[in-house]
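Coordinate analysis (summary)
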Amino acid sequence: MPSIAIHKLLVFAFLFVSLQAVAQHQRKEISGIVIDTAGTPLVGVNVRLTSILDTVLAVTDQSGFFGFTNIIGPEFRLSFSMIGYKILDRSFVANFPGLTMQLLPTVLPPQQTLLKEIVINRVQPIVIKEDTVQYNMDAYNIRENSLLEEALKLLPNVQVRRDGKVIAHGKIISRVQVDSKNFFGGEVLTATRNLPAEFIQSVQVIDYYGDMANSTGVKDTEPEKILNIVLKKDRKQILFGQVTGGGGTEERYIGSMGINNFNDGQEFSILGSFNNTNTSLFSYGAPSGAGTRDRGNVDLTGMMDPVDGVNITNSAGISYSDDLSDKVSVYGKYTFTNRKNNTIGHSVLTSHFDFYEIINREEKEVNTDNMNHLMAWDIEAQLDSRNYLKISPNLSYSTVNSSNHSNDTIKNRSIVSERVYRATEDVSTPNFDMDVLYSRMFNKPGRKFVLNMQGKYYKQDKLEDINDYFESINANTGQPIPGDAYTLTQQVTSDNQNRIGRLKASFVEPIDKSSILEINYEYNYTAIDSRRSVWDTQNELFVDSLSLDYSYFFESNRVGLNYQMEQNKRFKYTLGFAVQPLLLQGHMLETDTLTQHRNVNLIPSAGFRFRISDESELSVEYLGTNNQPNFSQIQPIRDLSNSQNIIIGNADLKAEFINRVTTRFRQTKMGRNQFFEAQLALNKIQNKIVTSRSNPSSTVQETSFRNSTGYFDARGYYMFSTPVINESFQLNLNGTTDYVNNVSYINDQKNFGRNFIYSQAVQIRFMLENIIETELNTSYTFNRTRYSLRNSDGIDANSFLVGLAGKGYLSDNWAFGFDLSHRLNNGYSSFVNANPTLLNAYVECTFLPNNMALLRFQGFDLFNQNTGVTHEIIGSDALFMRNNRLARYFMVSLNIRLQKYPGNKS
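Residues numbered from 1 in each chain as written. Predicted model: local features only at pLDDT ≥ 70, side-chain atom pairs only at ≥ 80, totals over all residues. Heavy atoms only, no water.

Turning next to the overall build of the chain. The helix and strand tally for the chain stands at six helices and 49 strands. Taken along its principal axes, the extent of the C-alpha atoms in the chain is 125 × 70 × 70 Å. Across the 906 residues in the chain, those meeting the buried criterion constitute 48%. Contacts in the chain between residues at least 24 apart in sequence constitute 66% of all its contacts with a sequence separation of at least 6. Put simply, the chain shows about 42300 Å² of open surface, and 57% of that area lies on carbon and sulfur atoms. Side chains of the chain give 87 positive and 93 negative charges; the mean places of these two sets differ by 7 Å. (Helix = DSSP H or I, 4+ residues; strand = E, 2+ residues; numbered from the N terminus. Buried < 20%, exposed > 50% of the residue type's maximum accessible area, 1.4 Å probe, protein only. Contact = heavy atoms within 4.5 Å. Areas by Shrake-Rupley, 256 points an atom, 1.4 Å probe, with all protein chains shown as cover. Lys, Arg positive; Asp, Glu negative; His and termini not counted. Charge placed at Lys NZ, Arg CZ, Asp CG, Glu CD.)

Consecutive side chains of a regular strand alternate in pointing toward one face of the sheet and then the other. As paired strands, strand E37 (residues 688-697) and strand E40 (residues 726-746) are joined by two bridges and run parallel to one another. Directly across from Ser692, in E40, lies its bridge partner Tyr745. Bridging between strand E39 (residues 711-724) and E40 involves 13 bridges; their strand directions are antiparallel. In the strand pairing of E40, Ala714 is matched with Tyr739. (Pairing = 2+ DSSP bridges.)

Turning our eyes to something else, we now look at the confidence of the model for the chain. Keep in mind that low pLDDT regions are not for reading the predicted coordinates in detail. Looking at the chain as a whole, the pLDDT averages 83, with 91% of positions reaching at least 70. Low confidence marks residues 113-121, where pLDDT is under 50. Its contacts with residues over four positions away, or in another chain, come to five contacts. With pLDDT under 50 throughout, residues 283-304 is counted as low confidence; its partners more than four residues away or in other chains account for 83 contacts. (pLDDT = per-residue confidence, 0-100.)

Hydrogen bonds between backbone atoms are what pair the strands of a sheet, whose relative direction is either parallel or antiparallel. A sheet is described by the order of its strands in space; here four strands give the open sequence E3-E2-E5-E6, paired in antiparallel fashion. Each of the sheet's edge strands pairs with one partner strand only, and the pair in question is strand E3 (55-59) and strand E6 (88-93). Each adjacent strand pair in this sheet contributes to an overall mean axis angle of 20°, direction not counted. Pairing of strand E5 (residues 75-81) with E6 involves six bridges; the strand directions are antiparallel. Each bridged residue has a counterpart across the sheet, and for Arg77 the counterpart in E6 is Ser91. (Axes fitted to C-alpha atoms, helices over the stretch in contact; angles between N-to-C directions.)

This is the structure we're talking about:
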C-alpha cells in the first residue's frame, strides 16, 4: 500500500510540473499563404495544424492567407488539402524568437488525377419523388450536339427502340411535355428527335393519373407514363432547328426540316418530313400508355427495327403555345401524315381442339395507303383565384385504302383446303371529341369541387370487296371432296356511328390537416348505330341474313367515397367504396328484337404508399374497373368476310369486371448511382369475354363469344441499374414474368390455356469521353403454353438475342459507328422460322462553325437478313408470324443544325 501511494504521488508531481511549464510557455501566432505553381493565391485550402498540445483547422481566404493563434506545442505539423491539388504535409519547430511566426509561401501543385476528384462534387443522378423519377442530365456524360433521343439511351431503365418508341420502367411513354406543357401535342417522336440534349436540365418520368386526379389529389385510375422535360434556366429563350437530306441505293431517300422557337412559355414549331426509310416524324397513333407493358421491351438494341413492311411516309405539322394573358394559356397542334405500307408475310396459325388441331399456313401481301389529319387544342383559364377551366377540343379525319392478297393451306387431320383470298377496303373515319375540366376552390382551405365532362363522336364508313375461294381435298387420296368447294364474292358496305359520353364530379372535403374525404359520381354511356349491307356480286343478290341494322347502348352510373390519409411524408393510404349499376342494351331494328342486361358492381378500392427511407418506397394499390364488350363481339350476325373463320356476335354478353392489385418497390442508392424497381400486378376478371370455337365441317371454323369465370393473370417485372468499377461502366438488368390462365371454349368444352412467359435482359454500357461509346445487349425469352384439353401437346418457344453497338471518335470531327445483332429462335414452325443477323455501320464527319453540319455515309442491314418473327397466344390459338422489314441499302445524308440562344450566336 505505501508503494502504491508513492507512485501516485510521483505521477501527480510530474503532471503538476508539466502543467506549470505549459502555463509558463509563451503562446504564439503562426501564419502563411498558399499559392499554386503559377504564383496565384489559392482560396479555400484546408490547413490543419497538429502538435502534442494543439489541433486546429483553418481555411485560406481570398489572398491565400491562413493563420493560427494561441499555439502552445514546441513542434507542430501542417497539412494542406484542396480538391484538384496534391495533399502536402510539413513539420516545423517553434524555436523562433518572438511571439509570431511568418512561414514562407507554400506551393500546392495540381493533382494529376483531377477527374477522379471532380466526381466527388457530381450532381445527384436520380431523385425519386412520389410519382416521379427525375434524372438530372448534368450527371450523365452526354456528348455535345446530341438530341434528346440519344440522351435518353444513357438513362438507367430507359430504352429507345429504333422506331423511336420510348420505354421507361417497363411501360411505353405515351406523351412528352416541356416545362409541364405538351410539346407538339405530346408527340413522343417529335420531342425526342428534335430537342437538343444540351438545353435540358432534367428528365422526369411521371406516373400521370389524369387531370381529374391532379385536381382532386385522389388517384383512383390506372396511370399513364409521360416524360416532362425541364429546360435549363438560360435555355428558355431559344431558337433551334435542323434540315436533313439524303439519298441512297434501292431508291431510298430522306428529307426533313424543323424550326422550333421557345420564348419564356411561348412555343412555336413547324416540322416536315418525307422518306421511305421507315422514319417517322409523328407517333402516328400514339399508344395510350395506361397500365400496359410492351412485350418487346427486351429488344434493347438500337438496330432491331420493329416496323413490319416498308413505308413511304410524308408528314408535316405545326404547333403553338402561348400565355395570352396572366390568366389564359393556349397550346395546340395540327399534323398531317400520309403513309403507304407494303408488308409481305408468312404465318402459321394453330387452332387447338379437343382431339385434333387445325393448322393454317398463310402467305400474304398487304398494301395500305393511310392519310390522317389531326387538330388538337388545349385552352386553360384561371378565371379567378378560385375558379379554373380547361377546354380541350380535338378533330381528326383519316382514310385508309388497302388491298389484301393471301394464299392459305389449311389442314384438319386428313383434309386439306387450299384457299385464295383477295380483298380491297376503303375506310373513312371523321372524329370529334371534347374534354372540359372545371375546378372550384372554396373559402375553407382544401375544400374543392371538380367537374370533368368528355364527349366523343366517331363515324366510320367502310366499303369492302371480297373474293374468297377454297377447295378441299383428301390428303390420303389426293382427290377433291365433293361439295367442299366454295366461292364467295361479296361487296360489304358499313356505316357505324359511335357517341361516347362521360361525366365525373368530385367534391373534396378536408377532415383535418392530414386527411380528406372525396364524394364522387361518374356517368358513362356508349351509343352505337350500325348499318351493314351485303351484296352477292356474283349473283347480284342482296343477302338479308348477313346484313344488319342494329343499335347498341351501354350505360353505367357510379357513386363512391374515398378517404385519404397522409399521416406524414412517409406514409399515405386511401380507402374507397363505390356502387356501379350497369345497363347493356341492343336493338335489332329489322326484327324489333330487344336484348338487355343489368348488373350492379360493388367496387372497393384501397392503396397505400410507404416511404421506407429517403431512398426507398413501397406502394400497394387495388382497383376495380369494368370493360364493356366491343362491337364486333356483340353484333348479332354471321360475318362471312373470312369463309374459313366465320364470326358470330353475341348480343347477350355482359360487361367484364376486373379486380387488379398492384404492388411496387423502388430504391435508389444516391451515393452509388444505383436504381432498383420491382412491380407485381395480379388481375382476376369476372364475366371474362372469351372465344367459343367450333369446327362444323372440314377446315371451317366458327367463332362466337361468351362470358366465363376462371381467368386470372400475374405479371411482374424488375429493373436494376448500377455502375461497375466506375461511372463509365454501367450495368442494367431487367426481367419480366407473366403467367396467364386464359379461358376459351372448344366445341362447347371449357379449355384452360396456361401461358408462362419469362424474359431476362442484360445491358452493359461503357464510355470513355470523346473516345468510344459501346453497348452490349443480351436477352432471353421463354414462352410456354399448356392446354387442359387431353390431346394438346402444348408449345415451348425460345428466343435469344445478342447485340453489340458502338461509336468511336477518331478526332473532334470524325466518328464511326456500328450496331450488330443476332437472334436465335427455337420452337418456331420451320415455315416462319428465321435467325437473322443484322449489321448497320456508318462513318460521319462534322464541319462548319460549332460543328453545325454533319455528313454521314451509312449502310443498313449489310447482310440483307432483316425480318421480323413473332409469337402470340390468342385463347386456344397459337400464331407464329414472319414479316418482311426494311432490307439492305446504303445512304449518304447531310444534316445542318441551327440554334440561337443567349451565349451562343451560331
